[in-house]
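Now for the letters of each chain:
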Amino acid sequence: MSLVRGLSLAYMPTSSVRQCSQQWWDDVLGVAILGDGEAGFVPNGVPLARVATPVLAGPQAICEVWRAGGPVRAGARGRVRYRCSETMLFGAIELDERAMPAGMEGVSVLQRATAAVYREVFALLDEAGYPALFRAWNYFPAINAVADGSERYWQFNAGRQEAFGAGGRSTTGRVPAACALGSAHGPFTLYFIALREAPLAIENPRQVCAYHYPEQYGPRSPTFARASLALSQTPPVLFVSGTASIVGHKTLHPGDVVAQTAESFRNIAAVLAEARRADPAGSGLDSRDLAYKVYVRYPGDLGAVRACFREHVGDAVPVVFVQADVCRDDLLVEIEASGGHAMEDGR
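Residues numbered from 1 in each chain as written. Predicted model: local features only at pLDDT ≥ 70, side-chain atom pairs only at ≥ 80, totals over all residues. Heavy atoms only, no water.

*Asks:* What's the story with the overall build of the protein in this structure? I'm lost.
*Replies:* A count of helices and strands for the protein gives five helices and 21 strands. For 347 residues, the compact-globule formula gives about 20 Å, and the C-alpha radius of gyration of the protein, at 19 Å, lands near that figure. With the C-alpha coordinates aligned to their principal axes, the bounding extent of the protein is approximately 50 × 45 × 40 Å. When each of the 347 residues of the protein is scored for burial, the buried share is 58%. The contacts in the protein between residues at least 6 apart in sequence include a share of 75% that link residues at least 24 apart. When the accessible surface of the protein is split by element, carbon and sulfur atoms take 50% of a total near 13700 Å². Across the protein, the centroid of the 32 positively charged side chains sits 2 Å from that of the 35 negatively charged ones. (Helix = DSSP H or I, 4+ residues; strand = E, 2+ residues; numbered from the N terminus. Rg over C-alpha atoms; globule rule 2.2 N^0.38 Å. Buried < 20%, exposed > 50% of the residue type's maximum accessible area, 1.4 Å probe, protein only. Contact = heavy atoms within 4.5 Å. Areas by Shrake-Rupley, 256 points an atom, 1.4 Å probe, with all protein chains shown as cover. Lys, Arg positive; Asp, Glu negative; His and termini not counted. Charge placed at Lys NZ, Arg CZ, Asp CG, Glu CD.)

*Asks:* Sorry, what's going on with the sheet that holds strand β5 (residues 73-77) here?
*Replies:* Two orientations exist for strands paired in a sheet by backbone hydrogen bonds: parallel and antiparallel. Pairing within the open sheet is mixed, and its six strands lie in the order β5-β6-β7-β12-β8-β11. Because the sheet does not close on itself, it has two edges, and the strands there are β5 and β11 (177-183). Taken over all neighbouring pairs, the strand axes of this sheet differ in orientation by 15° on average, direction set aside. Across seven bridges, the pairing between strand β8 (residues 132-141) and strand β12 (residues 188-195) is antiparallel. By the bridge assignment, R135 is partnered in β12 with I193. Running over the sheet, helix α2 (residues 109-128) touches β5, β6 (80-84), β7 (88-95), β8 and β12 and is turned about 25° from β12. Sitting on the sheet, helix α3 (residues 152-166) is in contact with β8, β11 and β12, with an inclination near 150° to β8. (Pairing = 2+ DSSP bridges. Axes fitted to C-alpha atoms, helices over the stretch in contact; angles between N-to-C directions.)

*Asks:* Quick question: what am I supposed to make of the nonpolar core here?
*Replies:* Side chains that are nonpolar tend, in soluble globular proteins, to be buried together. Counting residues in each nonpolar core, the largest one holds 73 residues, and the members touching the most others are W66, Y118, L125, W137, L190, Y191 and F192. With nine residues, the single largest contributor to this core is α2. Here W66 is in contact with L7, S8, L9, V28, L29, G30, F90, W137, I193, F239, S338 and H341, once residues within four sequence places are set aside. Counting residues in hydrophobic clusters, the runner-up holds 26 residues, among them L229, F309, V333 and A337. (Core = buried A, V, L, I, M, F, W, Y, C linked by side-chain atoms within 4.5 Å.)

*Asks:* Whenever I open this one, the side chain of S241 confuses me. Can you help?
*Replies:* Here S241 is to be found in strand β15 (residues 237-243). Under the relative-accessibility criterion, S241 is labelled buried at 0%. Within the local environment of S241, its side chain forms a polar contact with the backbone oxygen of A225, the two atoms lying 2.5 Å apart. Setting aside chain neighbours within four positions, we find S241 in contact with R135, A177, A178, F224, A225, R226, A227, I335 and E336. (Polar contact = N/O pair within 3.5 Å; in protein donor to acceptor, adjacent residues only side chain to side chain.)

*Asks:* Would you take a moment to explain the packing of aromatic side chains for this structure?
*Replies:* Both the distance between ring centres and the angle between the ring planes are used here to describe each pair of aromatic rings. Using the criterion set out here, one finds 21 aromatic pairs in the structure. Considering the side-chain rings of Y118 and F122, the 6.0 Å spacing of their centres and the 50° angle between planes classify their relative orientation as tilted. In this pair, Y118 and F122 both sit in helix α2, four residues apart, roughly one turn of the helix. In this pair, the class of Y118 matches that of F122, namely buried. Over the ring of Y213 we find R328; its NZ or CZ atom is 5.2 Å from the centre of that ring. The ring of Y217 carries the charged tip of R328 above its face, separated from the ring centre by 4.0 Å. (Phe/Tyr/Trp six-rings, centres within 6.5 Å; stacked < 30°, edge-to-face > 60°. Lys NZ or Arg CZ within 6 Å of the ring centre and 35° of its normal.)

*Asks:* When you look at the packing of α2 against α3 in this model, what are you seeing that I'm missing?
*Replies:* Axes are the key here: two packed helices are described by the angle between their axes and the distance separating the axes. The interhelical angle for the contact between α2 and α3, taken along N-to-C directions, is 35°, at an axis separation of 7 Å. Where α2 crosses over α3, the two elements pack in a sense that is right-handed. Touching L110, Q111, T114, A115, Y118, R119 and F122 of α2 are R152, Q155, F156, A158, G159, R160, E162, A163, F164 and A166, all from α3. Split by residue class, the contact of α2 with α3 holds nine nonpolar, four polar and four charged. (Left-handed = near helix turned anticlockwise from the far one by under 90°. Nonpolar A, V, L, I, M, F, W, Y, C, P; charged D, E, K, R; others polar.)

*Asks:* How should I be thinking about the pairing of strand β19 (residues 319-323) in this particular structure?
*Replies:* Looking along a regular strand, one sees the side chains alternate between the two faces of the sheet. Of all five residues that make up β19, four are buried, and the element is covered over most of its length. As judged from the five bridges shared by strand β18 (residues 291-296) and β19, these two strands associate in the parallel manner. If you follow Y292 over to β19, its bridge partner there is V319. In this fold, the crossover linking β18 to β19 by way of helix α5 (residues 302-313) has right-handed handedness. (Right-handed = clockwise from strand over helix to strand, strands pointing away.)

*Asks:* Mind showing me how you'd approach unusual backbone geometry here?
*Replies:* What you tend to see is this: most non-glycine residues have negative phi, and most peptide bonds are trans. Residues T234 and P235 are joined by a peptide bond in cis, for which omega reads -5°. Along the polypeptide, P235 turns up in the loop between β14 (227-230) and β15. Of note in the backbone geometry, D148 takes a positive phi value of approximately 50° without being a glycine. Following the sequence through the fold, D148 ends up in the loop between β9 (146-147) and β10 (150-151).

*Asks:* I tried to follow the sheet that holds strand β13 (residues 200-202) on my own but got confused; where do I start?
*Replies:* What the six strands build is an open sheet, ordered β13-β14-β15-β20-β18-β19; its pairing is mixed. Strands with a single pairing partner mark the edges of an open sheet, and in this sheet they are β13 and β19. The sheet shows a mean angle of 15° between the axes of neighbouring strands, taken without regard to direction. Here β15 pairs with strand β20 (residues 333-339) via four bridges, running antiparallel. Across the sheet, the residue bridging to L238 is G339, located in β20. Sheet strands in contact with helix α4 (residues 257-278) are β13, β14, β15, β18 and β20, and its direction is about 30° off that of β20. Lying over the sheet, α5 contacts β18, β19 and β20, oriented at roughly 155° with respect to β18.

Set out below in structure tokens:
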């Protein structure tokens with residue numbers, strides 16, 4: 001595996017990462033293990049997120065490796081473990097809902113856990129000097145289940161919004177790219193990238209901004225942008241949030257996973273067009289310039305989703321397919337993407 005300069009991403013089987021030398025880890029910002037792989041090979045000091053989203057094609061566990069391509073330093077604050085370069089910070093934190101103390105009447109355990117996690121993250125970012133949350137990945141079990149009187153995804157949104165407000169962050173406009181998926185089991189897990197300089201929030205003209213969703217999708221709106229573009233990086237780095245078959249604020253093509261996958265790509269194309277408008281001096285990114293993570297609700301739909309994926313972007317892009325529940329129970333697939341960073345061959 002060849003090393004590159006600057007921020008890079010590789011999707012690697014855990015068997016390959018396990019064989020890497022100690023020196024190989026020197027400029028790794030952080031790792032997420034997708035699937036039920038053991039993590040003992042990750043050195044102390046490297047931020048690690050363990051995400052119970054079973055891998056649907058290839059090895060049973062995949063490492064999502066983010067590398068700075070230059071010097072990094074490691075640290076910890078409370079439950080957050082992080083590594084940072086001169087311009088960005090990667091961190092990871094997990095919190096078992098069962099460890100939460102009894103709380104207020106009417107406020108669910110998940111809402112309190114989410115708020116607690118984000119408050120810790122924002123405290124670290126302000127203290128370390130990387131105040132701008134760029135991209136956040138959220139995972140917790142039973143995302144569509146109704147518990148404590150409401151849907152768990154709604155509870156997560158309430159806790160996240162509460163923490164953003166308490167941390168002095170906007171809950172509309174300048175918000176990060178993000179996703180929230182239902183894992184098979186395990187604690188609430190968040191991993192994230194933050195910057196010293198604020199990125200641009202990119203919205204999709206085909207969709208209502210998530211933070212302006214009507215109340216039918218929950219009493220507290222989601223706090224994320226459709227994409228986030230860091231012009232402070234060279235070249236600019238783009239994160240496209242988890243993207244699904246939503247136009248306006250409504251789910252399209254219920255029950256049709258192929259149509260939902262195609263609609264998701266139409267939304268990604270619209271986001272890329274907006275990103276190009278936001279950075280007219282840049283070279284711009286095409287759908288074939290991105291790396292992808294594809295969340296499939298039902299494993300039996302994998303073949304149809306992969307065929308539609310190939311139709312839109314071909315076979316040459318980095319991609320990992322995992323099983324996860326999407327934030328609405330009528331959504332069968334969600335696609336996230338990133339580009340502008342290097343993409344290492346992790347085979």
